[in-house]
Amino acid sequence: MSNWPDWFQEALRQRFYQLELASEQQVSCPPEDNNLFTQMDQFKTNQNEDIQHLLSEWEEAIGYQLSQDKQSIYMEGVKDGIRLILPVIQPTNIR
């Protein structure tokens with residue numbers, strides 16, 4: 001995507017963020033996930049401040065990495081879509 005204009009890349013990034021936010025708001029966590037989050041919160045609460053801080057940084061880093069992975073998958077989907085639609089919208093060469 002490096003040869004695409006910056007404005008186009010930014011537009012795709014913003015669209016990804018909109019879709020990710022909408023997805024997070026619509027999806028309810030299954031009971032197993034809620035239980036896992038509760039257990040993690042209890043575990044963090046029982047730790048000293050330094051470990052709580054490290055765990056919070058770890059959660060933030062993991063969240064950022066997951067977001068980057070989702071964005072990469074989204075961008076690949078956009079590129080696949082463009083590859084599929086370009087032959088349809090471009091005039092064919094007659095030999």
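Quick notes on the rules
- Residues numbered from 1 in each chain as written.
- Predicted model: local features only at pLDDT ≥ 70, side-chain atom pairs only at ≥ 80, totals over all residues.
- Heavy atoms only, no water.
- Salt bridge = Lys/Arg side-chain N within 4 Å of Asp/Glu carboxyl O.
- Helix = DSSP H or I, 4+ residues; strand = E, 2+ residues; numbered from the N terminus.
- Buried < 20%, exposed > 50% of the residue type's maximum accessible area, 1.4 Å probe, protein only.
- Phe/Tyr/Trp six-rings, centres within 6.5 Å; stacked < 30°, edge-to-face > 60°.
- pLDDT = per-residue confidence, 0-100.

1. Describing the pattern of salt bridges
Tallied over the entire structure, the rule returns five salt bridges. Residue Glu-76 is joined to Lys-79 by a salt bridge in which the shortest nitrogen-to-oxygen separation is 2.9 Å. Within this pair, Glu-76 and its partner Lys-79 are both found in helix α3 (residues 49-89), separated by three residues, close to a single helical turn. Judged by relative accessible area, Glu-76 falls into the partly exposed class, the value being 35%. The partner of Arg-83 in a salt bridge is Asp-80, and the shortest N-O contact between them spans 2.7 Å. Residue Arg-83 and its partner Asp-80 are both found in helix α3; the two are separated by three residues, about one turn of the helix.

2. Digging into the packing of aromatic side chains
The full count for this structure, using the stated rule, is three aromatic pairs. Aromatic side chains Phe-16 and Tyr-74 sit 5.7 Å apart centroid to centroid with 50° between the ring planes, which places their arrangement in the tilted category. Taken together, the positions of Phe-16 in helix α1 (residues 6-26) and Tyr-74 in helix α3 put the pair 58 residues apart, joining distant regions of the chain. The class for Phe-16 is buried, based on a relative accessible area of 5%.

3. With respect to the confidence of the model for the protein
Summing up the model confidence of the protein, the mean pLDDT is 81 and the portion of residues at 70 or higher is 89%. Across the protein, element-level confidence peaks in α3 with a mean pLDDT of 87 and bottoms out in helix α2 (residues 31-45) with 81.

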